[in-house]
Structures are given as structure tokens and as C-alpha cells.
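Structural features, examined
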Amino acid sequence: MSTSRLATVRGRALRCLICGDREFRSREVKLNTTGAEFLGLAWANRSALALVCDSCGYAHLFTGKHPEPWDPAQGYPAGTVTD
Ligand SMILES: [Zn+2]
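All figures in this text were calculated on a predicted structure; none of them were measured in a lab.

Some remarks on the overall build of the chain
Counting its regular elements, the chain contains one helix and six strands. Of the regular secondary structure in the chain, the N- to C-terminal order runs β-β-β-α-β-β-β. Intrachain contacts of the chain at a sequence separation of at least 6 include 52% that bridge at least 24 residues.

Points about the sheet that holds strand β3 (residues 24–30)
Strand order across the open sheet formed by three strands is β3-β4-β5, with antiparallel pairing between neighbours. If you trace the sheet from one side to the other, it starts and ends with β3 and β5 (59–62), each paired once. Going from strand to strand, the sheet's axes swing by 30° on average, the running direction of each strand aside. Judged from the four bridges that link them, strand β4 (residues 47–53) and β5 form a sheet pairing that is antiparallel. What sits directly across from Leu49, in β5, is Phe62.

Topic: unusual backbone geometry
Generally, phi is negative for residues other than glycine and the peptide bonds are trans, each holding for most cases. Located in the positive-phi region is Arg10, a residue other than glycine, with phi close to 50°. Along the chain, Arg10 turns up in the loop between β1 (6–9) and β2 (12–13). For Arg10, a count of 9 C-beta atoms within 10 Å translates into the label exposed.

What about the sheet that holds β1?
With respect to topology, three strands assemble into an open sheet ordered β2-β1-β6, the strand pairing being antiparallel. Both outer strands of the open sheet, β2 and β6 (68–70), are each paired with one neighbouring strand and no more. In terms of strand pairing, β1 meets β2 through two bridges, oriented antiparallel. Bridge pairing in β2 links Val9 to Arg12.

Topic: the pairing of β1
Where β1 meets β6, three bridges bridge the pair, whose relative direction is antiparallel. Looking across to β6, one finds that Ala7 is bridged to Pro69.

Some thoughts on the nonpolar core
In terms of nonpolar packing, the biggest core is built from seven residues, these being Ala7, Leu14, Phe24, Leu51, Val52, Cys53 and Trp70. It is β4 that contributes the most residues to this core, three residues altogether. Residues in contact with Leu51, not counting those within four places in the same chain, are Ala7, Leu14, Phe24, Ser26, His60 and Pro67.

Cut-offs and rules
- Residues numbered from 1 in each chain as written.
- Predicted model: local features only at pLDDT ≥ 70, side-chain atom pairs only at ≥ 80, totals over all residues.
- Helix = DSSP H or I, 4+ residues; strand = E, 2+ residues; numbered from the N terminus.
- Contact = placed C-beta atoms within 7 Å.
- Pairing = 2+ DSSP bridges.
- Axes fitted to C-alpha atoms, helices over the stretch in contact; angles between N-to-C directions.
- Buried ≥ 20, exposed ≤ 12 C-beta atoms within 10 Å, placed from the backbone.
- Core = buried A, V, L, I, M, F, W, Y, C linked by C-beta atoms within 7 Å.

And the structure:
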């Protein structure tokens, strides 16, 4: 499991949809389908990036363009409340 990180999506700070926390751990998840498993093509299934909220455990799933890590030392994204 990776360490907790802040993240942005399209330049905006990501906050947990459930509790509003801003720290997440990332992990890759497979998006296997039953049909592909049956045909032995599970290897061809796509994967997604899950950002799991450190506070409540809710998993935010991203496919395609992934969120970017955010280093507060480089400044806060526009529109972010810095409380
Ligand atoms: Zn949360």
C-alpha cells in the first residue's frame, strides 16, 4: 500500500465525496468482466486507479486519465481552501 497523498484532478484538489478528507492511498484495480473471464481473456481487461480515502475508506475509481499527485510545497491548486 502506498503512502497517503494529496491529489488533483484536472488541476482541482480532490476531496473525498463522503467525508471531505484530502489524503488518499492509491492502488491499481482490475476491471474484469465475467465474459472475458469465461473466454480466458481476463488478461485483456482494463485496469483503473483507485484513490482510497485515508479517513473513511471510500474508493474513488479513475479510468483513462489518472489524477495527479499534489505536493503542497509547490503551492495549492486554484480554488482550494487552505484551512
Ligand atoms: Zn472519506
